[in-house]
Amino acid sequence: MKKVATAIGVSMFSPLIVGSVLGAYFYLVTGQGQVFLQLLTTAISNAHIVGIVMALCVLPTYLFLYKCNKLSYAALTTAAMLGGAIFTFLFSVPGGPILIANAVMCALASALFLYSLRLP
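Residues numbered from 1 in each chain as written. Predicted model: local features only at pLDDT ≥ 70, side-chain atom pairs only at ≥ 80, totals over all residues. Heavy atoms only, no water.

### Here we look at the overall build of the protein
Along the protein, the regular secondary structure elements total six helices and zero strands. Its helices and strands in sequence order give the protein the pattern α-α-α-α-α-α, from N to C terminus. Counting only residues that meet the buried cut, the protein has 32% of its 120 residues in that class. Taking as baseline every contact in the protein between residues at least 6 positions apart, the subset at least 24 positions apart corresponds to 71%. (Helix = DSSP H or I, 4+ residues; strand = E, 2+ residues; numbered from the N terminus. Buried < 20%, exposed > 50% of the residue type's maximum accessible area, 1.4 Å probe, protein only. Contact = heavy atoms within 4.5 Å.)

Here's what the structure looks like:
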């Protein structure tokens, strides 16, 4: 169980990664440093959605599939993306680029979760 808790902790780096990558991309495109900081802080401020999705969507799906011996990476990533979209819609905005960014951020969190579980 300690390994699962560590994997959830590692998955919380996804807002930092997504914010940095998107910020760097838009900095290179527009040349404005403020865009980088704005995207990074927006991603970090939406980290609560990643935590909620991990707790209510990914972890229960993982435990259920592990118990049934049918663990599928695609199922966990799908649960994370759907959960990210639903909770972003409920808590933040009804649509737009933030909805997509949060869904991608949740999918990356589930990927980091799964990757961390595979480490020795």
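### A few points about the packing of aromatic side chains
All chains considered together, the criterion is met by four aromatic pairs. Seen in terms of ring centroids, tyrosine 62 and phenylalanine 113 are 5.3 Å apart; in terms of plane orientation they differ by 90°. Their pairing is edge-to-face. Within this pair, whereas tyrosine 62 is found in helix α4 (residues 47-67), its partner phenylalanine 113 is found in helix α6 (residues 97-118), the two being separated by 51 residues in sequence. The pair formed by tyrosine 62 and phenylalanine 113 is uniform in burial state, with each residue classed as buried. Members of the aromatic cluster, joined through ring pairs, are Tyr62, Tyr66 and Phe113. (Phe/Tyr/Trp six-rings, centres within 6.5 Å; stacked < 30°, edge-to-face > 60°.)

### Notes on the side chain of serine 116
Positionally, serine 116 belongs in helix α6. Among all residues touching serine 116, those that are not within four sequence positions of it are Lys3, Ala7 and Val10.

### A closer look at helix α3 (residues 33-45)
Owing to its 3.6 residues per turn, the α-helix aligns residues three or four sequence positions apart on the same side. If you check α3, its first and last C-alpha atoms are 19 Å apart, about what 13 residues at 1.5 Å a residue would give, namely 18 Å. Residues of α3 that are buried: Val35, Leu40 and Ala43. Buried positions in α3, seen along its axis, are confined to an arc of 130° and lie on one side of it. Seen from the buried face of α3, the exposed residues on the opposite side, beyond 90 degrees, are Gln34, Leu37 and Gln38. Against the buried residues of α3 lie α2 (14-30), α4 and α6. (Expected span 1.5 Å × (residues − 1). Arc of directions from axis to C-beta.)

### Details of the UniProt feature "transmembrane region" (unreviewed entry) in the protein
The feature "transmembrane region" (unreviewed entry), as given by UniProt, occupies residues 7-28, 48-66, 73-92 and 98-117 in the numbering adopted here. Overall, residues 7-28 shows 91% helix and 0% strand. The separation of its end C-alpha atoms is 32 Å. A distance of 28 Å separates the end C-alpha atoms of residues 98-117, which is 100% helix and 0% strand. (UniProt positions renumbered as here; feature names shortened; annotations may be inferred.)

### Considerations on the packing of helix α1 (residues 2-11) against α4
It is the contact of α1 with α4, at a shortest axis distance of 11 Å, that shows an interaxial angle of 140°. One element, α1, and the other, α4, form an angle in the oblique class. The hand of the α1/α4 crossing is right-handed. The residues of α4 that touch α1, namely those facing Val4, Ile8 and Ser11, are Val50, Met54, Leu59 and Tyr62. (Axes fitted to C-alpha atoms, helices over the stretch in contact; angles between N-to-C directions. Parallel < 35°, antiparallel > 145°, perpendicular 65-115°, else oblique. Left-handed = near helix turned anticlockwise from the far one by under 90°.)

### Quick word on the nonpolar core
Residues Val53, Val58 and Phe113 are the most contacted members of the largest nonpolar core, which totals 20 residues. Among the elements that make up this core, the one with the highest residue count is α4 (seven residues). (Core = buried A, V, L, I, M, F, W, Y, C linked by side-chain atoms within 4.5 Å.)

### What to know about the environment of leucine 76
As for its placement among the helices and strands, leucine 76 is situated in helix α5 (residues 73-91). With relative accessibility at 0%, the residue leucine 76 sits in the buried group. Sequence spacing of leucine 76 and leucine 65 is 11 residues, and the spatial spacing of their C-alpha atoms is 9.1 Å. With sequence-adjacent residues up to four places away left out, leucine 76 is seen in contact with Val58, Thr61, Tyr62, Leu71, Ser110 and Leu114.

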